[in-house]
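Here's the letter readout for the chains.
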Amino acid sequence: MGTLRSGLPWPGAGQGELMILVTGATGNVGAGVVRAVAAAGEPVRAMTRSGKGAGLPRGAEGVAGDLNRPETVREALDGVRALFLMPGYEGQRAVLADARAAGVERVVMLSGKSAAVDDGNAVTRYLRAAENGVRESGLAWTFLRPVSFMSNAVSLADQIRKGDEVRVPFPGVRTADIDPYDIAQVAARALLSPEHAGHVYTLTGPQSLLPADRIAVLGEVLGRELRTVGLTDEETREALGAAFPAPYAEAFLRFFADGILDESQVLPTVEEVTGRPPRTFREWATEHTDAF
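In this text the structure is predicted, and so the values were computed from the model without any measurement.

A. View of the side chain of Thr-274. Along the chain, Thr-274 turns up in helix H9 (residues 269-274). Note on Thr-274: relative accessible area 3%, which makes it buried. Here the side chain of Thr-274 touches Arg-276 through a polar contact of 3.1 Å, landing on its backbone oxygen.

Here's what the structure looks like:
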């Protein structure tokens, strides 16, 4: 991957020539993409199933659409030059065909680092299928493959509210978690400029941390002494089975218990694309204390 350093103002931004359609516009990443594109001075359509995007920034338009029902997306593609696409929806190929027919030039897809893993688990399969569908669409593409999100720490909020002991899966696994804000910033650059076409960006945060390291940071930010207790593999299997469908729970066990996915490496991609370093977990935690 070559270095693509783009500081503000972004290439192509603020010229009034682009219309960006963002799917999954209320998600951790999608909402940030909407804000970033609007901040760059370009019009953006924020797609949700209801079409009601609460607190949309100036320049953003809420539209209704369901990626599992391509006919509901077709109208929103009118005048769109670039599309931010979520993976794993049944209607993807039809949406991409409609996008090409409507004159869309490029698509930026949110994928994951696990798409690069040579394994047949459920997560890897659906990410690879989604990427292959985009490659075959005839549109210019950029794939974003982030590691685990810092926002996953919100799943610990109930435990933290109830006491100081925090039980976590995979206690010995280091990951360089990324703030969804930084994924959105990279996505916005790729949507607003053709220079990112054909690139697969693996995105990480700036630190490789153990779960206990993140719990310690949360405790400091919250002004509490939190204690980390690691779950055994069997306890982790049970917890994942209660939270996810069985094929996905097994995929996570393959990734982190069996060690087939390494998310520990810190990469410079975010800074190369955006011109600024990614946010630290402490910055994320400080901004999201209300969640805990």
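There is more to say after this.
B. Structural view of the pattern of salt bridges. As enumerated under the stated definition, the model contains 21 salt bridges in all. Two residues, Arg-167 and Glu-235, come together in a salt bridge whose shortest N-O distance is 3.4 Å. One end of the pair, Arg-167, is in strand S7 (residues 165-168); the other, Glu-235, is in helix H7 (residues 233-243), with 68 residues separating them in the sequence. Classification of Arg-167 as partly exposed rests on a relative accessible area of 34%. For Glu-235, a relative accessible area of 31% gives the class partly exposed.

C. Expanded view of the environment of Ala-97. By secondary structure assignment, the location of Ala-97 is in helix H2 (residues 92-101). Between the C-alpha atoms of Ala-97 and Glu-136, which are 39 residues apart in sequence, the distance is 9.9 Å.

D. Seen up close, the nonpolar core. If you look at the biggest cluster of nonpolar residues, it comprises 34 residues, and the most contacted ones within it are Ile-20, Val-33, Phe-84 and Leu-144. The set of elements that each furnish at least two residues to this core consists of strand S1 (20-22), helix H1 (30-39), strand S2 (44-48), strand S4 (82-85), strand S5 (106-110), helix H5 (180-192), strand S8 (200-203) and H9. Considering every element that reaches this core, the biggest residue donor is H5, with eight residues. Contact partners of Ile-20, with chain neighbours within four places excluded, come to Val-37, Pro-43, Val-44, Arg-45, Ala-82, Leu-191 and Leu-192. With 22 residues, the next largest nonpolar core counts Val-95, Val-107, Met-109 and Leu-139 among its residues.

Parameters and conventions
Residues numbered from 1 in each chain as written. Predicted model: local features only at pLDDT ≥ 70, side-chain atom pairs only at ≥ 80, totals over all residues. Heavy atoms only, no water. Helix = DSSP H or I, 4+ residues; strand = E, 2+ residues; numbered from the N terminus. Buried < 20%, exposed > 50% of the residue type's maximum accessible area, 1.4 Å probe, protein only. Polar contact = N/O pair within 3.5 Å; in protein donor to acceptor, adjacent residues only side chain to side chain. Salt bridge = Lys/Arg side-chain N within 4 Å of Asp/Glu carboxyl O. Core = buried A, V, L, I, M, F, W, Y, C linked by side-chain atoms within 4.5 Å. Contact = heavy atoms within 4.5 Å.

The values reported here are purely geometric and, on their own, carry no functional implication.
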